[in-house]
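# Structural characterization, general
One letter stands for each residue in the lines below.
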4 protein chains.
Amino acid sequence: MYDVIIVGGGVIGSSIAFQLSKRDYQVLIIEKDEIGQKASRAAAGMLGAQNELKSDSPLSSLSLQSRAMFPALAEELKSLSGIDIELLQSGILRIAQTKSESTRLKQAFAHQQESGEEALWLSGEQVKEKEPAINNAITGGLYMANDGQVNAPLFTKALAQSAVSLGADILEYTEVQEFLTENNHITGVNTTNGTFLADTVITAGGAWSNWLWEKTSVPLDLYPVKGECFSIRGNEHLITSSIFSESCYLVPKAGGRVIVGATQRPHNMDQSVPLEGLHSLMTSALQLVPELKHAKWETAWSGHRPQTADSLPYMDEHPEIQGLWLASGHFRNGILLAPLTGLLMADYIEGKPVDKAFGFQRRTHKEVHL
Amino acid sequence: MYDVIIVGGGVIGSSIAFQLSKRDYQVLIIEKDEIGQKASRAAAGMLGAQNELKSDSPLSSLSLQSRAMFPALAEELKSLSGIDIELLQSGILRIAQTKSESTRLKQAFAHQQESGEEALWLSGEQVKEKEPAINNAITGGLYMANDGQVNAPLFTKALAQSAVSLGADILEYTEVQEFLTENNHITGVNTTNGTFLADTVITAGGAWSNWLWEKTSVPLDLYPVKGECFSIRGNEHLITSSIFSESCYLVPKAGGRVIVGATQRPHNMDQSVPLEGLHSLMTSALQLVPELKHAKWETAWSGHRPQTADSLPYMDEHPEIQGLWLASGHFRNGILLAPLTGLLMADYIEGKPVDKAFGFQRRTHKEVHL
Amino acid sequence: MYDVIIVGGGVIGSSIAFQLSKRDYQVLIIEKDEIGQKASRAAAGMLGAQNELKSDSPLSSLSLQSRAMFPALAEELKSLSGIDIELLQSGILRIAQTKSESTRLKQAFAHQQESGEEALWLSGEQVKEKEPAINNAITGGLYMANDGQVNAPLFTKALAQSAVSLGADILEYTEVQEFLTENNHITGVNTTNGTFLADTVITAGGAWSNWLWEKTSVPLDLYPVKGECFSIRGNEHLITSSIFSESCYLVPKAGGRVIVGATQRPHNMDQSVPLEGLHSLMTSALQLVPELKHAKWETAWSGHRPQTADSLPYMDEHPEIQGLWLASGHFRNGILLAPLTGLLMADYIEGKPVDKAFGFQRRTHKEVHL
Amino acid sequence: MYDVIIVGGGVIGSSIAFQLSKRDYQVLIIEKDEIGQKASRAAAGMLGAQNELKSDSPLSSLSLQSRAMFPALAEELKSLSGIDIELLQSGILRIAQTKSESTRLKQAFAHQQESGEEALWLSGEQVKEKEPAINNAITGGLYMANDGQVNAPLFTKALAQSAVSLGADILEYTEVQEFLTENNHITGVNTTNGTFLADTVITAGGAWSNWLWEKTSVPLDLYPVKGECFSIRGNEHLITSSIFSESCYLVPKAGGRVIVGATQRPHNMDQSVPLEGLHSLMTSALQLVPELKHAKWETAWSGHRPQTADSLPYMDEHPEIQGLWLASGHFRNGILLAPLTGLLMADYIEGKPVDKAFGFQRRTHKEVHL
């Protein structure tokens, strides 16, 4: 008998488990594979709060608040789990390579200024000064010094470990098959490892959440957007900030690693890496930072980001089944939004009114295939 | 629109697809992962038709018939797919290390003789002559020269490839979510990649078949029995026949590899390899063939064999949904039984009456957790 | 005390060990790593006897004789080691994509005809008929039906295993540090695992042979030419013959694998795979067979082919140290030439006069760095 | 033209390169493989300064001084390279399981007290209180709170990266073939990538240093002691301190990993992991902490520690070749001693008199085989 069962051991589920454990709830995480093996492991770990700023999006303020939580959280997780999440506040440099990209980028810059967030416009020359390894065909850049990055797999592991150190339980290789309810109130879940009871169940299964919910009266419109990435390594740092172009991004990691990503293939659950995607990423990366040609090949992988019809996550309670919650649909900002999502979900469960911007009433009703 | 949709791309599903493709059916294999990645990959590939002989089991004759199919099948698959399945008819040597084991083994020998199958009783000395690397504490052995082995992952791959070369299609990373029916007749399946239509659907999902069928009116009693294995390699062959004791088995593979297996953990879907299981296998293997101590560590893995209440597979049509078939529950003999299962299922679909010994009426109705 | 010590457990050393073991010599292979881990493992396994034909090269007839040995050898190795070397005599298709390539290819074709070897000239249309997956920009092709391929790592393993099954010994992770001599006759070697005696020592260390010989009075001019490769896999065969262009080659393997190779970096011992090399191979492969874009990424690797100043191997006895032999420098034809090299070296050691075309007198004396 | 060439990119060479780069020397590290791939990668990273205390050993004070350098060094490396070396000062708990072990352990404790180092004697019950997962058969324990651990591969990588960030160069996959001298003064090295000049050359090749030096007038008595290890992982920390018994040690790492080591095989350069060694470590680990039986298997590896006849490292200048230095032979304390070794070697090169305790005059002259 648990206070809260969390379905899904990715970065979102682990962050919720961590926040609830801090508030002395008895939490069980049920994960069908192992902790942090899917989208949370595939992520490059960029904290692009400003990079993702859109003038009218309710996500903007959330992103900034969540980004602000990282420094203190990094300390806390290190002391609880011994894991350094490799937080780097070295900024994101978004660059333009054509006139039209330059125009779009200037608009983004204008919006940054309205929003009052620190942002710098760089000329092509200034981009070269800041990141000498970048090629010469850069027409301009937008530098957001306060955006940063973490090591996504370590971040997820640190959240889960810290939750465990505070008393949470984890059950891996266990699939939740159905929700148990009584008079429209959740009472637990049936799993491939037996039945577990709790009067609060939070679904944090990312792109996999649909399967569970489609059996309820609230079909979701979540769908996976597959992304392919690869990593290379050298013995020096060619770039210092995360570089973001319209065709790829480069995230410099500790020890000379660089993660290059990411393709976007909607409605695709294939976990393999097709040659085409890998080749197009390489072409873009080499065009952007020619010196990467000497970097050593490391490995390639793919992940599946949970996307929604209006690109906003769901953080809400089931309209008909009391105690059944959903926190999914963070698309490519799951790492960035995990800290605040954990905090908010804990608040909601304790009675704080949910933010309708992330509620169910907005969901489309069209059939969606994962 | 296909003639037959096969749900599950393991050795059973691939063998059925191969046989149906030979009869010019348009076949689609739908696999939630990749072809032959689960139990079919984990298998050591022993063809223990006699080793599994039980006096009164309807499986005995099936096993012998299926074993007899391998030599011709190996040729056929090699020419169609270019894959050599590494068929070795080097026999299985079952050994006894204690008096009680010796007694049980003598009973097995007696039954072999009744059955008229070629089998040899060996004294401890004769075992040592045949396999000098075996330790001295052997009280006796039962040698079944006609049992053999194949490379299980290559065998599955060869069946699938050969089916494709005959026109079959394969759809990987696709989960079947529900069966589509009309007036109690199957019409197709809904999957995570859309809807596919066929008036014959065969479920060959091994331990995973339950999930699909539990939504129908015929709940199954299939459950997984997890097995852990490991492999080592050397530059010479310490043993020539597959050696089978009550605590472990050793299967010599091409190139000096030896596969050691296998633990048995019922109702366990965990895919990791716990230290305990690995250690107990090593202890047994080293006790049995001390010279293995110099062999090089290669790797460890686990798989999940689909078991049933009475240890017999299901090969039958759904009693209420016409055109929906099941071929699962072959436990640890999936590789051995795949050739005949493919043949039988093709016959059944063409109207041959099914063998009630493998029908649904025998299934228990108790709740089973995978 | 051995009859013959072979320094180097690659495909050349293993083939010599196999042939000598067949003639009842007591052979020891000393390998600094493990059997067949370097160039022999990296090779794509093409048997391009005709593909490599050069009008005036003494290598031409050797290549054809060695190619002719494979069918019988494959049988022999399978029965001795249980390893199928995946011999495929499906031909090599060399294609031209530009006018100038077409001209060069026509010259090659002309030479094939003079040589009397079976070869076919294909128009662009005929190339498309033969290999429909090839792009349309092909101006012509030269098809050599009798060229083929094997699985290079399995071939090396099969040779070593067969030698062991005939009595040879293998000592791995052992470096030969110096040759022992007495009155200008070899008496053995000092290694990191002690001293071993034999009055015949054959150096078959590929690109590594220089180090040993530079301490003798006969400095060599061997140098490594690094090659990078990668492999992809699918569930069907897009191509049936090995396709060879001026920018890359594609070798279809059993089970839907395709090996793409290979870059050429002289004087480079780096074992990593630089992004640049990988990207250029991918670009060429996708341009040649566009449908490969859907193939699944598998892995990348590199190897170091032993090249000589005049691109001919050395198979000769040291001019001043009796009993010390060298068989190295087969560049990218080590797999193809291994069978005959094994046979010839065994003959030479038994007194057959060596072929001066592969002797030391031709070697240049310039300093060479490996 | 460099100020200093360091032969060997392990933890010792990287630490020397780091200290010299801080003093503005132009340094080149030449590594035959990649940075930190051999013994430095295999190490469990224990900082057992007190654990290794021997009453009369000149190593004792060195070990304590070097251990004291870690906290500040960890900060410095993190800021220079972005790598967290996972320094944990959680103590080493050395335990006794038999009367005789208890006696030896009490002697060690007595010596700790004489040395004035903080150490605690624990009864069997107290051991259980401190580490509840330990089995019950413990007769006593010696707890050294100030000993700790780091992540050995990350530590080496951080040292090398920091050196590079301060201007050092690294040349990988390059073997030094001979030393160049002029009038008994070093002038550079010949390598497989050409000649490099410097009037100071430091050999830091661990067990590989012998090969280079045996060509000089000072043959060494270094030899490798092979060690095998394995790692497992869970979602919780079963143990908090590093546990050290006479048959194995357990080092808890970030994220629930535990490294178990290590066998000791003198004069063995084999890089494979024999089944025997793996099995004996597992048996000891499970006997010591039974709950590890549920931990997930991760991987196994081996490394080769550089040992000397009197178990003391060499840090000295060649008696006949001026400017040629050696820093090798740190056996299983390379990680612990790296910080001080880097500092001392930098001092020696700047003229500080060397410590004769680690000089050449003590070396034995018997033939040694690596």
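Bear in mind the structure is a predicted one, so any value in this text is a computation, not a measurement. (Residues numbered from 1 in each chain as written. Chains lettered and ligands numbered in written order. Predicted model: local features only at pLDDT ≥ 70, side-chain atom pairs only at ≥ 80, totals over all residues. Heavy atoms only, no water.)

A few words on the overall build of chain A. Across its full length, chain A carries nine helices and 20 strands. Here the C-alpha radius of gyration of chain A, 21 Å, is about what a compact globule of 370 residues would show, namely 21 Å. By principal-axis analysis of the C-alpha atoms, chain A measures approximately 65 × 40 × 40 Å. Per-residue burial for chain A yields a buried fraction of 63% across its 370 residues. Taken as a whole, chain A presents about 13,200 Å² of accessible surface, with 50% of it coming from carbon and sulfur. Of note, chain A has its 30 positive side-chain charges centred 7 Å away from the centre of its 42 negative side-chain charges. (Helix = DSSP H or I, 4+ residues; strand = E, 2+ residues; numbered from the N terminus. Rg over C-alpha atoms; globule rule 2.2 N^0.38 Å. Buried < 20%, exposed > 50% of the residue type's maximum accessible area, 1.4 Å probe, protein only. Areas by Shrake-Rupley, 256 points an atom, 1.4 Å probe, with all protein chains shown as cover. Lys, Arg positive; Asp, Glu negative; His and termini not counted. Charge placed at Lys NZ, Arg CZ, Asp CG, Glu CD.)

A few words now on the domain arrangement of chain A. Accessible area lost on assembly of the parts is the figure often given for the size of an interface. All names here are of chain A. In terms of domain boundaries, chain A breaks down into domain 1 (2–83 + 152–221 + 309–369) and domain 2 (92–148 + 224–308). Opposite the 33 residues of domain 1 that make contact, domain 2 presents 33 residues. Carbon and sulfur atoms make up 56% of the area that domain 1 and domain 2 hide from each other, which totals about 2,700 Å². Its largest share of buried area at the contact with domain 2, domain 1 owes to Met-46, Gln-50 and Phe-331, together 26% of the area lost on that side. Viewed at the interface, domain 2 and domain 1 are joined by two salt bridges. Of the charged contacts in the structure, one is a salt bridge between Asp-147 and Arg-67, with a shortest N-O distance of 2.6 Å. Linking domain 1 with domain 2 are 16 residue pairs in polar contact (both at pLDDT 80 or more), by the criterion used here. (Domains from an automatic or database assignment. Contact = heavy atoms within 4.5 Å. Buried area = accessible area lost by both parts, 1.4 Å probe. Salt bridge = Lys/Arg side-chain N within 4 Å of Asp/Glu carboxyl O. Polar contact = N/O pair within 3.5 Å; in protein donor to acceptor, adjacent residues only side chain to side chain.)

Attention shifts here to the interface of chain C and chain D. Contacts between the two partners involve 16 residues from chain C, matched on the other side by 17 residues from chain D. Surface buried jointly by chain C and chain D totals about 1,400 Å² across both partners, of which 52% is contributed by carbon and sulfur atoms. Applying the counting rule to chain C against chain D returns zero salt bridges. Viewed at the interface, chain D and chain C are joined by zero residue pairs in polar contact (both at pLDDT 80 or more). A class-by-class count of the residues in the side of chain C that touches chain D yields four nonpolar, nine polar and three charged. (Nonpolar A, V, L, I, M, F, W, Y, C, P; charged D, E, K, R; others polar.)

Another aspect to go through is the interface of chain D and chain A. Each partner contributes residues to the interface: chain D has 21 residues there, and chain A has 21 residues. With a shortest N-O distance of 3.0 Å, A:Asp84 and D:Lys78 are connected by a salt bridge. At the level of secondary structure, the elements contributing two or more residues to the side of chain D that touches chain A comprise helix 3 (59–81) and helix 6 (152–165) of chain D. The dominant element in the side of chain D that touches chain A, judged by the number of residues it contributes, is helix 6 of chain D, at three residues. A breakdown of the residues in the side of chain D that touches chain A according to their chemical character gives five nonpolar, eight polar and eight charged.

As a further point, take the sheet that holds strand 12 (residues 201–203) of chain B. All names here are of chain B. Ordered in space as 8-2-1-12-20-19, the six strands form an open sheet in which the pairing is mixed. Of all strands in the sheet, those bounded by a partner on one side alone are strand 8 (169–171) and strand 19 (314–317). Ignoring strand direction, the axes of neighbouring strands in this sheet form an average angle of 15°. With four bridges joining them, strand 1 (residues 4–7) and strand 2 (residues 27–30) adopt parallel strand pairing. Considered in strand 2, the bridge of Val-7 is made with Ile-30. Of the strands in this sheet, strand 12, strand 19 and strand 20 (324–328) are in contact with helix 9 (residues 334–349), which crosses strand 20 at around 165°. (Pairing = 2+ DSSP bridges. Axes fitted to C-alpha atoms, helices over the stretch in contact; angles between N-to-C directions.)

Bringing the UniProt feature "domain: FAD dependent oxidoreductase" (unreviewed entry) in chain A into the picture now. UniProt records the feature "domain: FAD dependent oxidoreductase" (unreviewed entry) for residues 3–347 of chain A in the present numbering. Secondary structure across residues 3–347 of chain A divides into 32% helix and 28% strand, with the first and last C-alpha atoms of the span separated by 15 Å. (UniProt positions renumbered as here; feature names shortened; annotations may be inferred.)

Attention now goes to the relation of the copies chain D and chain A. Superposition of chain D onto chain A requires a rotation of 180° combined with a translation of 0.0 Å along the rotation axis, giving an RMSD of 0.0 Å. Both copies are brought into coincidence by an operation consistent with a two-fold rotation axis. Across chain D, the smallest distance between a C-alpha and the rotation axis is recorded for D:Asp84, namely 3.4 Å. A share of 100% of the interface residues of chain D reappears at the interface of chain A, consistent with the copies meeting face to face through the same patch. (Least-squares fit on C-alpha atoms with pLDDT ≥ 70 in both.)

Residues and elements named next belong to chain A. Along strand 20 (residues 324–328), five of the five residues are buried, which leaves the element largely enclosed by surrounding structure. Across the two faces of strand 20 the burial is the same, with Leu-324, Leu-326 and Ser-328 and Trp-325 and Ala-327 all buried. Bridge count for strand 12 (residues 201–203) against strand 20 is three bridges, and the pairing is parallel. By the bridge assignment for strand 20, Ile-202 is matched with Trp-325. Alignment of strand 19 (residues 314–317) against strand 20, held across four bridges, turns out to be antiparallel.

The next thing to look at is the relation of the copies chain C and chain D. In screw terms, the move from chain C to chain D is a rotation of 180° and a rise of 0.0 Å along the axis, fitting with an RMSD of 0.0 Å. Mapped onto chain D, 100% of the interface residues of chain C are again interface residues, and the two copies thus contact each other with one and the same surface.

Moving on, we come to the packing of helix 3 (residues 59–81) of chain C against helix 9 (residues 334–349) of chain C. All names here are of chain C. At a minimum axis separation of 7 Å, helix 3 and helix 9 run at an interaxial angle of 90°. Taken together, the axes of helix 3 and helix 9 are roughly perpendicular relative to one another. Contact residues: helix 3 offers Leu-59, Leu-62, Ser-63, Gln-65, Ser-66, Arg-67, Met-69, Phe-70 and Leu-73, while helix 9 offers Ile-335, Leu-336, Leu-337, Ala-338, Pro-339, Leu-340, Leu-343 and Leu-344. Of the residues that constitute the contact of helix 3 with helix 9, the class distribution is 13 nonpolar, three polar and one charged. (Parallel < 35°, antiparallel > 145°, perpendicular 65-115°, else oblique.)

Taken residue by residue, a regular strand's side chains alternate between the two faces of the sheet. Residues and elements named next belong to chain A. Counted residue by residue, strand 10 (residues 185–191) has five buried out of seven residues, so it is predominantly covered. In the sheet, strand 9 (residues 176–182) pairs with strand 10 via six bridges, with the strands oriented antiparallel. Residue Val-176 lies in a different strand from strand 10, and its bridge partner there is Thr-191. Looking at chain direction, strand 10 and strand 11 (residues 194–197) are connected through four bridges and run antiparallel. Bridge pairing links Asn-190 to Thr-195 in strand 11.

This part takes up the side chain of D:Ser245. You can see D:Ser245 is positioned in the loop between strand 14 (242–244) and strand 15 (249–252). A distance of 3.0 Å separates the side chain of D:Ser245 from the backbone nitrogen of D:Ser247, its partner in a polar contact.

What follows covers the packing of aromatic side chains. Residue and element names in this part refer to chain A. Applying the stated criterion across every chain, the model contains 30 aromatic pairs over all chains. A ring pair is formed by Phe-109 and Trp-121, whose centres lie 5.9 Å apart and whose planes are at 40°; its orientation type is tilted. Of the two residues, Phe-109 sits in helix 4 (residues 99–115) while Trp-121 sits in strand 5 (residues 120–123), which places them 12 residues apart along the sequence. Its relative accessible area of 16% is what places Phe-109 among the buried residues. Residue Trp-121 is classed as partly exposed on the basis of its relative accessible area, which comes to 21%. (Phe/Tyr/Trp six-rings, centres within 6.5 Å; stacked < 30°, edge-to-face > 60°.)

Moving on to the pattern of salt bridges. Scanning the entire structure with this criterion turns up 79 salt bridges over all chains. Close ionic contact of C:Glu276 with C:Arg265 constitutes a salt bridge, the shortest N to O distance being 3.8 Å. Here the residue C:Glu276 occupies a position in helix 8 (residues 275–288), and C:Arg265 occupies one in strand 17 (residues 265–266), the gap between them amounting to 11 residues. With a closest N to O distance of 2.6 Å, D:Asp310 and D:Arg362 form a salt bridge. Of the two residues, D:Asp310 sits in the loop between strand 18 (296–307) and strand 19 (314–317) while D:Arg362 sits in the segment after helix 9 (334–349), which places them 52 residues apart along the sequence. Overall, the relative accessible area of 19% leaves D:Arg362 in the buried class. Several salt bridges converge on common partners, so that one network encompasses A:Glu34, A:Glu172, D:Arg233, D:Arg257, D:Lys296 and D:Glu298.

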